[in-house]
Amino acid sequence: MSWLIEQIRSALLALKASPLRSFFTVFTIAIGVFTLIATKTAIQTLDNSINNVISSMGSQVIRVNYLPSVRFSDGDEYRNRKPITLKQANDLQEAFSGSMRVGMSSATWGKSVQYYSRTTQRENRFIGVNHDYFSVLNLDVGEGRVISEEDVLFSRAVVVLGLDVATVLFGEENAVGKDVKIDNRSYRVIGVAKTRGTPMGQSLDKFVMLPITYFVNVLGYTGRARTVDMYVESPSEELIPLAVDEITGAMRGIRNVQPGEDNDFEVETNESVIDQFSGFISNLEMVGLVCGLMALLAAGIGIMNIMLVIVRERTREIGVRKAVGAKNGTILMQFLIEAVIVCQIGALAGVATGIPAGNLAMNMLIEVETAIPVEWVVGSGLICTVIGITFGLWPAWKAARLAPVEALTFD
Amino acid sequence: MSAVISINEVGKRYIMGTQKVYALRTVTLDIEENEYVAIMGPSGSGKSTLMNLIGCLDTPTKGEYLFKGESVGKMNDNQLAEIRNREIGFVFQTFNLLPRYSSLKNVELPLVYSGVPGSERQRRAQEALDHVGLGDRVHHKPNELSGGQRQRVAIARALVTKPSIILADEPTGNLDTKTGYEIMALFAELHRGGNTIILVTHEPDIAEYAHRIIRLRDGRIESDEVNANPRQPEAELAAQ
Ligand SMILES: Nc1ncnc2c1ncn2[C@@H]1O[C@H](COP(=O)(O)OP(=O)(O)OP(=O)(O)O)[C@@H](O)[C@H]1O
Ligand SMILES: [Mg+2]
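Residues numbered from 1 in each chain as written. Chains lettered and ligands numbered in written order. Predicted model: local features only at pLDDT ≥ 70, side-chain atom pairs only at ≥ 80, totals over all residues. Heavy atoms only, no water.

Inspection of the secondary structure puts B:Ser45 in the loop between strand E3 (36–40) and helix H1 (47–54). Using a relative accessible area of 2% as the deciding quantity, one classes B:Ser45 as buried. (Helix = DSSP H or I, 4+ residues; strand = E, 2+ residues; numbered from the N terminus. Buried < 20%, exposed > 50% of the residue type's maximum accessible area, 1.4 Å probe, protein only.)

Let's shift gears to the pairing of strand E8 (residues 196–200) of chain B. The side chains of a regular strand alternate between both faces of the sheet. Residue and element names in this part refer to chain B. Taken across its five residues, E8 has five buried, putting it largely inside the fold. As judged from the four bridges shared by E3 and E8, these two strands associate in the parallel manner. Bridge pairing in E8 places isoleucine 39 opposite valine 200. As paired elements, strand E7 (residues 165–169) and E8 share five bridges and run parallel to each other. By the bridge assignment for E8, leucine 167 is matched with isoleucine 198. (Pairing = 2+ DSSP bridges.)

Right, let's talk about helix H3 (residues 86–95) of chain A for a bit. Residue and element names in this part refer to chain A. Among the residues making up H3, those that are buried are Leu86, Gln88, Ala89 and Leu92. Angular distribution of buried residues about the axis of H3 spans 160°; they occupy a single face of the element. The exposed set on the far side of H3, more than 90 degrees from its buried face, consists of Lys87 and Glu94. Summarising the contacts, the buried residues of H3 are in contact with strand E2 (102–111), helix H7 (212–218), strand E11 (229–233) and helix H8 (240–254). (Arc of directions from axis to C-beta. Contact = heavy atoms within 4.5 Å.)

All right, on to the domain arrangement of chain A then. Under the domain assignment used here, chain A contains domain 1 (2–53 + 276–408) and domain 2 (82–233). Here domain 1 of chain A and domain 2 of chain A have C-alpha centroids that lie 52 Å from each other. (Domains from an automatic or database assignment.)

Our focus in this paragraph is the nonpolar core. Residues A:Ile29, A:Phe335, B:Ile5, B:Ile7, B:Leu50, B:Tyr65 and B:Ile198 are the most contacted members of the largest nonpolar core, which totals 74 residues. Per-element tally for this core: the top contributor is helix H11 (residues 328–365) of chain A, with twelve residues. Ignoring any residue separated from it by four or fewer positions in sequence, one finds B:Ile5 in contact with B:Leu29, B:Asp30, B:Ile31, B:Ile54, B:Tyr65, B:Leu66, B:Phe67, B:Ile165 and B:Ile198. Core analysis: the next-biggest nonpolar cluster, separate from the first, contains 65 residues, A:Ile62, A:Val102, A:Tyr214 and A:Phe215 among them. (Core = buried A, V, L, I, M, F, W, Y, C linked by side-chain atoms within 4.5 Å.)

Quick look at the structure:
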């Protein structure tokens, strides 16, 4: 162990001795690792956001939106699309009444909720929903009841609180039956939702739900930025394709899409979202992997060259070490460790820059959570160790094999 | 048979292209424990070659070399490395210190290779540097030391594993006369302490410190004499 530390120390010392050369060697490795890590990070952010869409609902749920749920930037192709209105949503529900349930939601952000002197942060989603929204998305209350068909029909000022909101305002007390204020309007609390967990460190319990009719008609949340999302429950997984066709047909009618024109809305299933990106993801993965490995291969050859120069430069040192008792294996290890350390520093630099780069790049395209591809970070470390050993082996072996006298008299 | 070093008709031949170069033709030689031997001879006579063979840095192309009764010719690289590490301390004309390392680290080096743990290594290296009078220069790098000080560091490195044999190839070759005498005083002290010392030099006044003088010429021993009246470096230094 102390021997290894000594080896690492002496390797670092040797790297410090010619900083510019060490920098370039490290740099070449870093480029390869950067490519690998940045690509994988980007893929993971995309995977995450797809999984967020998918895992938020059951596999039988078909989503109807006016924009795709995962998309690259707000491209021109969607610019002319109009949001889905509550009326259109109601029409669709009408069309399938009795055969499929249609959940609806329309949301805005950044609301605070007040109960006498207590107020939450302005961080809550404020979501107008209908009765079926709860059953289709498997949401349930821990206390009280969910929003009923009558609540929606009569546009009642009632709310179901997310658990975080209820906890801040009421603590251990029962919230049901109390009146809270949002934007100076009073709402009766009818239920507190069960917790939806804290995936990725972000609580999903910061929301207030109210009847969608109140949200749209009374509060007037309509227009460009306010669309109604629909969640249609297919009777079974086998019937999903059929249901998608029926929904598409009905929506074209409702939104007056002329024959021959493209849909101006999206009908998505978990499968269709995955399909939409799987090709892109696997291509990106391939390109990243090939480019990264090629760069690392090139870097490896560079390392071999530099190590050969280093061994030549340090021939006398090798002679001295052998004269005082270094064995061939020890010298071999010394240079291998040096090569591996260069590679590891490069890997570290590549990881440290690749993760932010991948995240930043994807953040410009879609809204994503920060991702860290842990397996690939570990993998890069391993690959770099293998590269250090592979390409360091020949130079290290040359060093180890030097005859002591010749090494000592070399100049 | 108390000879630590027993060389029997040993030779070293190099092949350069089609030509054979005899660095050492035939040498037969015994050196006992705690001898103080100087090897002299003109340039190219094979002094360094003989020294490297004795120090197991090189292997002969003919003859037999017994080190403490064991045949060096039959040893592999690792066994030779172990002998160099434990039994032999080298001192070179050009010091051969590692430039990036402090005195202490340079002196520790042989101990690293014999697997001595860090703290003990430091203690022993410090001790060796104290011994050569450089206890206050442990953190200096070679280029921050004078030639004489560098050679003292090299001697400390040679001593640190407590080898029985010290081999020195022209140890005073790069030093001025006075510093050379100081180094010779150090060798005299080591000799009194029980070490076997073998020293290559082409300066007769340096050879006069040894108790036995071997002269080489053209790869052969020309003469091998006892020096009945070796010089006493400490006395000379004191007299100055
Ligand atoms: N690696 C080698 N290849 C070929 N010839 C060599 C080699 N090493 C030494 N020789 C030759 O062997 C002979 C003896 O060399 P050696 O170094 O032992 O001489 P030396 O007595 O130490 O001389 P000096 O006083 O100049 O140091 C020389 O003629 C030298 O050219
Ligand atoms: Mg010589």
